[in-house]
Amino acid sequence: MSTLVGREAELERLLGVLDDALDGPSAAGHTLAALVSGDAGIGKSRLVSEVAAIAGDRGVTVLRGHCAEIGDSVPYLPFADALRGVRLPPAKAAALAEAVRKRPVLARLLPDGSGEQDTAADRSGLARQQMFGAVLGLLSELAEQAPVLLILEDLHWADASTRDLLTFLSRMLHHERVVVIITYRTDDLHRRHPLRAVVADLARLSAVTLVELTPLPPASMTELLSSLQNGPAPSPQSAAILNRIVERADGNPYYAEELLASASAAGPLPAELVPSGLAALLLSRVERVSEAAQRVLRAAAVEGRRADDDIVRAVVRDVADLADPDYDAAVRELVANQLLVPDQVDAEREAGAGYAFRHALLREAVYNDLMPGERTRLHARLAALLAQRGPKTPGMAAQLAHHSLASHDIPGAFTASIKAGKEAARLGAPAEAHRHYDQALALWDRVDDAEKLAGLPRGKLILRSATSAAFAGDVPRAVVTLRRLRDVLAEDGDAELRSRTGERLAYFLLQVDTPEACAEALRVARVTVRETPEEPPTTYRARAMATYALALMTSQGYGVALDWAQRAQAVATQASAPWVEAEALTTIGLLAVRAGQQEEAISKFTAAYEKADGTEMLSIELRAACHLARERLSRGELAEAARIAHIGVRRADDEGLRLAPYGLDLQHLHFQAHYADGQWDHAQEVADSYAAHVTSQPEAVLSAMALFIEVARGNAAADDRRAWLEPFWKDEFVAFIARGLYAERALWQGDTDLALAEADASIAADNWPTHTPAVIRPTGIALSARADRAVLARASGDDPRAASEVAAAERLLQIATEGARYPSRPAVVLGPEARGWLARCQAEYQRASGKNDPGNWQRVLAEFSPGYVYETARTQWRLAEALAEAGRREEAAAAWEAAIATADKLGAVPLRAALDDLGRRARLDPHAADSGPPGSHAHALTGREQEVLRLVALGKSNREIAAELFIAPKTASVHVSNILGKLGAASRTEAAAIAHRQGLGS
Ligand SMILES: Nc1ncnc2c1ncn2[C@@H]1O[C@H](COP(=O)(O)OP(=O)(O)OP(=O)(O)O)[C@@H](O)[C@H]1O
Ligand SMILES: [Mg+2]
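Along each chain, numbering runs from 1 in the same order as the chain's sequence is written. Labels follow written order: the first chain is A, the first ligand is 1, and so on. Note on the predicted model: pLDDT of at least 70 is required for a residue's local features to be given, and 80 or more for side-chain atom pairs to be given and counted; whole-chain, interface and lining totals, by contrast, use all residues. As a rule here, side-chain values come from all non-hydrogen atoms in the structure, and water together with hydrogens is ignored.

**So, the confidence of the model for the protein**
Selection criterion: For every residue, the predictor assigns a confidence score, pLDDT, that lies between 0 and 100. Labels follow the DSSP assignment, with helices taken as runs of H or I lasting at least four residues and strands as runs of E lasting at least two, numbered in each case from the N terminus. Residue contacts are defined here by distance: any two heavy atoms, one from each residue, within 4.5 Å place the two residues in contact.
Looking at the protein, the pLDDT average stands at 87 and 92% of residues meet or exceed 70. Within the protein, helix 41 (residues 832–848) carries the highest mean pLDDT (97), whereas helix 16 (residues 344–347) carries the lowest (50). Low pLDDT, under 50, characterises residues 346–351; the predicted model gives this stretch eleven contacts beyond four residues in sequence or across chains.

Below, the structure is given as structure tokens:
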């Protein structure tokens, strides 16, 4: 490698990113990434190699992978490449191998990986999430031992799955010591190139460093050329050549190197003989090697940037008629001429050595220069050889399809595309699977006996293509395709296919989740069940029935839904399909919840969970676990809820499914259980793992959940999360959770305007189409804000104001009551938490109305206590206040002390501050100091008088002071006179001024 010239600034910036990772987990909580871009040959790879070398010396684990030009059809190629850990020191290589071994999904990406086995997630459509999760898990695990530098090169050639995985990683790597550097060619990035969206996405993350490589300045170019060994000996003449090359190369080092090589090979060249343009220059170099060598180079160019020795040898033998000894000589010549280099990556594989083009641009030039006939012949020969070899390495089928297509071998391309589709599906790359299947479908009519070649009927292939699209996240596309398929399948045709098509269509329509889609789902599911033969009982019939039951449930037909779910369960049992049974049982459980039969629901969910166990249908298993944990939580069975959720989270984690639909729910159910039961240090740990800088909806859900504890503890992190959550306000669930909690935060900070605005937004997000019990909580916060205002208004004698607050509170109470009735599911039984909040709403309403009876708060306490630790303490705070108002001081002090103990144990800072305030005002704290700072006027004042003075300084009237301190207005006026006397102040204003000077007013 030539010494690196120029690029000092760029190198420094990249090393800065690396330093941040070495310093430890990124403090700001976001991925550290650098994007290195620039024209072909400008020096991206060279620069990154420098960084890699320095990083390696510093003990960083460097993983590097490249995309290939035809890699577009091989999923995850650069990751597969990186996982081979080429050039890692032995200890790191062993750690990598071990981390890969633990994750069988990843092993499939490797050459000798267990190619044919299916994993649990396959049939659930979770293979992609599983792959993503496995890569994330691997990187995090390695990063615990040493920082990781992941270099992904030439992303302009990346496949869709690689791009998605990259985006996923950049969103998910927040606290790990992982740096990602990607390179791509700017000149290849046309306006609609799919990488653009990815780059834009990455750039939105603040930790992304953009390094755009511009042409090297002439001085650096001269330095580069002089440092190259094959340059001419220094002489005036050579200086002139160098100058011409520098001028010509336009700051592109690769161009310069090639010009120099060309100049030295031919001896000093007059300027006009130097070909113009890089491609022409490269070809002129190729033309100087022997004809045999040129043939080898052409064959290698067709194979790709990296060429397998065995294959190229065989190709040239057959196509170019070159015997082995000649072949070897030709290869030696090409290496000597620096056109090919031995490929280290392949040399380390037992599979045999290989070569790489010294530069990708050279391969492109050679390939583009091929005569059409020769190109076709070479592709054809390559295809034949690959077909003979069988699917040894991942991506083989995709390559085969590529070569077959390029050699116009339609049947070959057809069968290979189907194989490639299956392989991509197994690798968790449904986007690629979909593409390959679609490619095969496009060729279907051009192949004789297509069904026999494919090994499956066209309809089944369409079905597969559509489900792949859905698994890749393109549900609308799946719906369109399946609708069309359903239309063309004849009613007297393959009953199973027709049934499965209808079932999947209905299922995906339910995921679209609009009223029209749900209505269509119901129609399709009904027809499908009707058309599916009853005898013999089959898995697909059971599944069609289970989906019909689901569709009925969404359209509120509970009785019928239950009937069909039970029938589905029975058929599934007969057909020995435990996973369909589990699916039906979960639906029956959900229907039981809605019918208010909680015991029944728990027993069905438990049964479903057990049935799903061992079926390898992860999404069904996690769905059952999730509903079981949720029901336990809702019933206040916190320990059991936490236990189930925890097991589920671990399972989802092991399979890399943390953020898949039910994995996500289990995560926050686990958190909520501990938030409720008061194990806050554990809950905090969990919340800390929820990224703050969120860029996707699932993450936003978790970040919103973390606010429960962060608001209750008064952590500043709650504010950090906000800016990142705001873009997700359009998501009703995120808005509902997050804004409800921001309302609470505003209330703790005494900002009732903001509290009401946020609570309103949260309440509005619950309206689907009538309120649900979820609305009770944010309504309770809004009521609390109204009550605070009403109390204040009343104390300051502003009765109209107080009345209007009470009226607003009354409207809120109606909303809470409607939510509690749950009009869309009236039979649902409220759990203790919902009942507790409802009682709190009533108590707050009474407080707003001036009837702050302790009995109201005791009723709240009866619901929350003792299981809901924090809510118990919060209620004791209000209870103590009400008791103090009622003059029941001893009871007040007891409730107050209990609340203090809990607030301290939990680290609930805002609650503790509110309790301190109450303690001072109501004189509940027996240990409170009774004097101010020595040497001040305040020294002469009693503790009570200081309290009063503070309020005087705030401009409060005697009546307001009385209300605030739980004393009679008359007593307040006596305190004020005493204060004026002690301070020698003539008026309240003067007393206020003294208080201000003494720092008592704030
Ligand atoms: N700053 C530099 N100092 C020394 N040599 C350099 C420098 N930049 C590039 N080179 C040399 O120029 C050639 C092309 O550089 P490189 O392969 O890094 O380009 P690239 O930007 O990665 O191109 P591509 O887009 O085709 O991958 C290499 O031989 C490299 O060693
Ligand atoms: Mg490069």
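On we go from here.
**So, the site of ligand 1**
Let me state the cut-off plainly: Whether a residue is near a molecule or strand is decided by its heavy atoms; if any one of them lies within 4 Å of it, the residue is near. For this analysis, a polar contact is any N or O atom pair within 3.5 Å, provided that within protein one partner can donate a hydrogen and the other can accept it, and provided that sequence-adjacent residues contribute only side-chain to side-chain pairs. Accessibility throughout is a Shrake-Rupley quantity obtained with a 1.4 Å probe, and a residue counts as covered only by protein chains that appear here.
Around ligand 1 lies a shell of 21 residues, among which K44, S45, R46, E257 and H359 are the nearest. A distance of 2.7 Å separates an oxygen atom of ligand 1 from a polar atom in the side chain of K44. Note that an oxygen atom of ligand 1 is positioned 2.8 Å from one of the side-chain N or O atoms of E257. Contact with the protein chains removes 94% of the 620 Å² of surface that ligand 1 exposes when unbound. Secondary-structure elements contributing two or more residues to the shell around ligand 1 are helix 2 (44–57) and helix 11 (253–265).

**Quick look at the pairing of strand 3 (residues 148–153)**
We count it as follows: Think of it in three bands: residues with accessible area under 20% of the maximum for their type are buried, residues over 50% are exposed, and the middle band is partly exposed, with areas taken using a 1.4 Å probe on protein chains only. Should DSSP find at least two bridges between two strands, the strands are taken to pair. A clockwise course of the path from the first strand over the helix to the second, judged with the strands pointing away from the viewer, identifies a crossover as right-handed.
Of all six residues making up strand 3, six are buried, and the element is well covered by its neighbours. Residues of strand 3 alternate between two faces, with V148, L150 and L152 on one and L149, I151 and E153 on the opposite face, all of them buried. Here six bridges tie strand 2 (residues 61–66) to strand 3, and the two strands are oriented parallel to one another. Note on strand 3: the bridge partner recorded for R64 is I151. Since strand 3 and strand 4 (residues 178–185) lie parallel, the crossover through helix 7 (residues 160–172) that links them has a hand, and here it is right-handed.

**Regarding the sheet that holds strand 3**
Put simply, the test is: Between the N-to-C directions of two axes lies an angle of 0 to 180 degrees, each axis being a line fitted to C-alpha atoms and, for a helix, fitted only over the stretch in contact.
Strand order in the open sheet formed by five strands is 2-3-4-1-5, and the pairing between neighbours is parallel. Among the strands making up the open sheet, the edge pair consists of strand 2 and strand 5 (208–212). Looking at each pair of strands side by side, their axes are set apart by 15 degrees on average, direction ignored. Pairing of strand 3 with strand 4 involves five bridges; the strand directions are parallel.

**Looking at the packing of helix 35 (residues 697–712) against helix 37 (residues 732–748)**
As a reminder of what qualifies: Orientation categories follow fixed angle ranges, with anything under 35 degrees roughly parallel, anything over 145 roughly antiparallel, 65 to 115 roughly perpendicular, and all other angles oblique. In this scheme the crossing of two helices becomes right-handed for a clockwise turn of the near helix relative to the far one and left-handed for an anticlockwise turn of less than a right angle. Classification used: nonpolar for Ala, Val, Leu, Ile, Met, Phe, Trp, Tyr, Cys and Pro, charged for Asp, Glu, Lys and Arg, polar for all others including Gly.
Interaxial distance between helix 35 and helix 37 falls to 9 Å at its minimum, and their mutual angle equals 20 degrees. The orientation of helix 35 relative to helix 37 falls into the category roughly parallel. Once helix 35 is placed against helix 37, the crossing between them reads as left-handed. Along its contact with helix 35, which presents A700, V701, A704, M705, L707, F708, E710 and V711, the element helix 37 presents F733, V734, I737, A738, L741, Y742, E744, R745 and W748. Within the contact of helix 35 with helix 37, the residues separate by chemical class into 14 nonpolar, no polar and three charged.

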